[in-house]
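Residues per chain are reported as follows:
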Amino acid sequence: MENKLTEQDSSMCNIQHFFDKTTYKNITLYDIYSIRDYDQYIINYWIGNKILRQKEALRRVAEVAVLMLDEHNHVIGVCTLLERIYQKEIYLYGRMHITPKSSRLYLWKKVFDFTKSSFEKKAQTNIENNPYKGIIFEVENKKFDKRVMKHYFENSGWQQEPDNNKNQTVWKYDFNLTENSNDEKKFDFSSSYTDNLPKIFEKLNISLAVTSYQTARVFFVRSDGEKIETHFKHYPRPMGIYADEHRITLGTFSQVLEFKRSDSILAQIKEGSLDSEQKFTKKVLEKDKERMEELRKHRKKEIDELKKADALYLPRASITTGMINIHDIAWGDEGLWVVNSTFSCLSTLSPDCSFVAKWKPPFISELVPEDRCHLNGMAMRDGRPKYVTTFNRFDERDSWTKENKHDGTLIDIDTNEVLLEGMIMPHSPRYYRGFVYVCESGTGQVWRYDPKTKEKRELIKLQGFTRGVNFYGGLMFVGLSKSRASEIKNPIPLNKEYEETFSGIWVVNLEDGSEVGHIKFEGDVEQIYDVAVIPDAIAPELLQGNSSLIRHIFDFKEEIV
């Protein structure tokens with residue numbers, strides 16, 4: 001890589017994905033924390049503007065959290081964040097890198113405010129597992145008038161900290177993380193359900209795992225025979241989910257997570273294996289008394305929950321894919337398959353790379369991160385992907401958001417034959433007992449397609465955006481979302497037909513398409529993506545990787561000879 005780059009070569013950036021953004025005086029700030037799509041732009045910017053040498057730029061690029069672009073999409077600055085211990089607490093330590101011509105006070109103020117609000121929002125979303133107390137910035141006094149900066153910081157909630165360096169001031173902002181600001185308190189997860197639902201789940205000995213990217217939650221729909229309970233877990237943008245009697249697999253914002261069922265560990269916990277700390281080594285305990293006391297509270301709460309469970313899923317593996325916008329996922333004979341919407345293809349996963357592209361629609365000319373046709377759904381048949389859904393058949397970036405015509409398809413990937421066309425925002429194709437079921441989400445319908453006769457008929461029409469399908473015996477479980485303002489140009493019939501639409505899970509009889517029962521979300525859960533049936537468990541529990549119990553759980557094999 002050469003240091004002599006033109007301004008355009010070193011800074012022109014094509015932003016496509018971001019958590020959050022704000023624009024101020026022709027400068028746009030993007031929160032790109034955890035998104036590595038823009039590393040090369042940032043490295044070129046640093047080297048081309050002689051801010052950092054190549055070796056240092058390669059090392060520091062992973063710390064970039066905020067990207068600054070001018071009106072021509074040129075990179076004019078970045079803000080890096082890394083961990084720093086300050087007064088025994090973990091803070092995000094920020095550094096600013098801005099081109100000299102852009103080093104204006106208003107931009108610094110805007111970056112500080114944007115960084116503060118964006119990362120406080122993340123902390124609030126996952127308050128229990130957030131390790132950061134706040135943000136610290138060191139500001140060189142020679143850049144700006146010290147009195148002006150002090151006036152700005154003190155009026156924006158920042159506190160000046162003592163520092164021995166006369167050429168800089170240290171400013172600290174503590175996130176307002178209180179019980180009242182807990183995201184669980186902000187979100188209303190209330191629901192209602194038909195009277196027969198608890199008995200249905202108990203009789204079948206099943207529960208459901210459901211994803212809602214809108215609330216950043218995976219949740220279990222569980223029954224004790226008398227009532228239904230919804231049990232929520234936080235994950236960033238959870239989408240496709242797979243479950244069977246042995247595992248749960250989840251696609252999130254930039255990772256796929258694998259959980260394995262362990263009945264033996266659950267039995268040990270119920271027998272009291274984690275009740276006492278006497279057998280634990282010092283290495284798995286906290287030295288700090290206050291932290292240890294806090295850990296005890298979390299441990300007791302989690303242990304009490306686990307003792308009520310009849311199935312326990314433990315985190316066992318994860319793989320980082322980048323933001324490929326994973327939709328449907330499923331296990332097959334060749335391993336795990338995922339719908340890679342960003343690259344318009346079906347992929348398998350490997351620890352050696354982000355993904356392995358296996359199939360793309362014939363009308364997609366190249367593998368580029370442009371979400372050209374919104375490939376979203378995948379149906380497995382005989383251990384392999386067989387059918388997919390797309391929003392259209394165009395070969396241009398985000399084309400599905402621009403077209404006036406709805407032309408959703410169901411495609412046989414072995415023959416590339418378009419089996420159904422003209423559908424409005426289709427999702428969740430599934431092959432079951434000789435038929436293909438597919439949601440025409442924009443109309444609220446679920447269709448049943450016969451591959452032998454090539455006939456389709458409506459199984460059921462519901463008052464909501466149908467998406468997420470699974471089966472158990474003669475029942476179908478369908479996710480329903482409230483209709484919202486769509487990203488695509490042409491409005492959907494669902495918005496015209498109903499003044500009100502619903503969010504929840506509907507249970508449907510496959511014989512006649514009649515409704516058997518439902519659970520309806522009446523609070524803030526408006527969007528459902530996927531539904532998975534968990535067999536042989538009416539009260540499953542899943543431990544997250546940051547659980548206070550993970551350090552004490554060892555599920556191992558012994559092969560010592």
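Anything mentioned here points back to the structure above.
Quick summary incoming for the structure in this document. Because the structure is a prediction, the values reported are computed rather than measured.

Under the criterion given, the structure shown has 14 aromatic pairs. Joined through ring pairs, the aromatic side chains of Phe 112, Phe 137, Trp 158 and Tyr 173 make up one cluster. In this arrangement the basic side chain of Lys 456 is found over the ring face of Trp 447, its NZ or CZ atom lying 3.9 Å from the centre. Across the ring face of Phe 502, the terminal group of Lys 520 is positioned such that the distance to the ring centre comes to 4.1 Å.

Once that is clear, we can look at the sheet that holds strand E27 (residues 445-450). Read across the open sheet, the four strands follow the order E25-E26-E27-E28; overall the sheet is antiparallel. Looking at which strands have only one partner, the edges of the open sheet turn out to be strand E25 (426-432) and strand E28 (455-461). Strand-to-strand twist in this sheet, taken as the mean axis angle between neighbours without regard to direction, amounts to 25 degrees. Pairing analysis gives five bridges linking E25 to strand E26 (residues 435-440), with the strands arranged antiparallel. Bridge pairing links Arg 430 to Tyr 437 in E26.

Glancing now at the side chain of Asp 371. With respect to the helices and strands, Asp 371 occurs in the loop between strand E20 (353-359) and strand E21 (377-381). This buried residue, Asp 371, is left without a salt bridge; Arg 237 holds the nearest opposite charge, at 7.7 Å. Reaching out from Asp 371, the side chain makes a polar contact with the side chain of His 374 at a distance of 3.3 Å. When neighbours within four sequence positions are excluded, Asp 371 is seen to be in contact with Asn 325, Ser 341, Thr 342, Ser 344, Asp 398, Ser 399 and Trp 400.

Let us now look at the nonpolar core. Among the nonpolar cores identified, the biggest contains 25 residues, and Leu 29, Met 68, Cys 79, Met 96, Leu 107 and Phe 119 are the most heavily contacted of them. Mapped onto this core, the elements with two or more residues apiece are strand E2 (27-31), strand E3 (64-69), strand E4 (75-86), strand E5 (89-98), helix H4 (105-125), strand E6 (134-140) and strand E8 (168-174). In this structure, Cys 79 is in contact with Glu 63, Val 64, Ala 65, Val 66, Met 68, Arg 95, Met 96, Val 111, Thr 115 and Phe 137, ignoring residues within four places of it in sequence. Counting 21 residues, the second-largest nonpolar core is a separate cluster that includes Ile 228, Leu 475, Phe 477 and Phe 521.

It is worth spelling out the environment of Ser 212 at this point. Looking at where Ser 212 falls in the secondary structure, it is placed in strand E10 (residues 206-212). Taking the C-alpha atoms as reference, Ser 212 lies 4.7 Å from Ile 528; in sequence the two are 316 residues apart. Polar contacts involving the side chain of Ser 212 include one to the side chain of Thr 215, which spans 3.0 Å.

Among the seven residues of strand E30 (residues 475-481), seven are classified as buried, and the element is accordingly described as predominantly covered. Across the two faces of E30 the burial is the same, with Leu 475, Phe 477, Gly 479 and Ser 481 and Met 476, Val 478 and Leu 480 all buried. Taken together, the six bridges between strand E29 (residues 465-472) and E30 define a ladder with antiparallel strand orientation. The partner of Tyr 472 across the bridge, within E30, is Leu 475. The hairpin turn running from E29 into E30, its antiparallel successor, is two residues long, and Gly 473 in that turn takes a positive phi close to 60 degrees. In this sheet, strand E31 (residues 504-509) lies alongside E30 in antiparallel orientation, the contact comprising six bridges. Residue pairing for E31: Phe 477 is matched across the bridge by Val 507.

The periodicity of an α-helix, 3.6 residues per turn, causes residues three or four places apart in sequence to face the same way. Those residues of helix H8 (residues 263-270) that sit buried are Ile 265, Leu 266 and Ile 269. Projected down its long axis, H8 shows its buried positions confined to an angular sector of 100 degrees, all on one face. In the segment just after H8, Gly 272 is the residue with positive phi, at about 100 degrees.

The next subject is the pattern of salt bridges. Tallied over the entire structure, the rule returns 25 salt bridges. Taking the shortest distance from any N to any O, the salt bridge between Asp 174 and Lys 172 comes out at 3.2 Å. Judged by relative accessible area, which is 6%, Lys 172 ranks as buried. A salt bridge links Arg 372 to Asp 395, with the shortest nitrogen-to-oxygen separation between them at 2.7 Å.

Definitions and cut-offs
- All chains use their own residue numbering, which begins from 1 and follows the written sequence.
- Reporting of local features is limited, given that this is a predicted model, to residues whose pLDDT is at least 70; pairs of side-chain atoms are given and counted only at 80 or more, and all residues count toward the totals for whole chains, interfaces and linings.
- The side-chain numbers reported here are obtained from all heavy atoms of the structure, hydrogens and water having been left aside.
- Note on ring pairs: Phe, Tyr and Trp rings are taken, using the six-membered ring of Trp, and paired if centres are within 6.5 Å. Classes follow the plane angle, with under 30 degrees stacked, over 60 edge-to-face and the rest tilted.
- Either the NZ atom of lysine or the CZ atom of arginine qualifies as a charge over a ring when it sits within 6 Å of the ring centre and within 35 degrees of the ring normal.
- Two strands qualify as a pair provided DSSP detects at least 2 bridges between them.
- Numbering goes from the N terminus for both helices and strands, where a helix is a DSSP run of H or I of at least four residues and a strand is a run of E of at least two.
- Only the stretch in contact is used when a helix axis is fitted, and all axes are lines through C-alpha atoms; the angle between N-to-C directions ranges over 0 to 180 degrees.
- Using a 1.4 Å probe on the protein chains alone, a residue whose accessible area is under 20% of its type maximum counts as buried, one over 50% counts as exposed, and one in between counts as partly exposed.
- Counted as positive: Lys and Arg. Counted as negative: Asp and Glu. His and the chain ends are not counted at all.
- Each reported salt bridge corresponds to a side-chain nitrogen of Lys or Arg within 4 Å of a carboxyl oxygen of Asp or Glu.
- Any pair of nitrogen or oxygen atoms within 3.5 Å is treated as a polar contact; in protein, a donor-acceptor pairing is required on top of that, and neighbouring residues in sequence qualify only through side-chain atoms on both sides.
- Residues count as neighbours in contact if any of their non-hydrogen atoms are within 4.5 Å of one another.
- By nonpolar core we mean a set of buried residues, namely Ala, Val, Leu, Ile, Met, Phe, Trp, Tyr and Cys, connected to one another through side-chain atoms within 4.5 Å.
- Summarising the geometry, the arc corresponds to the directions from the helix axis toward the C-beta atoms.

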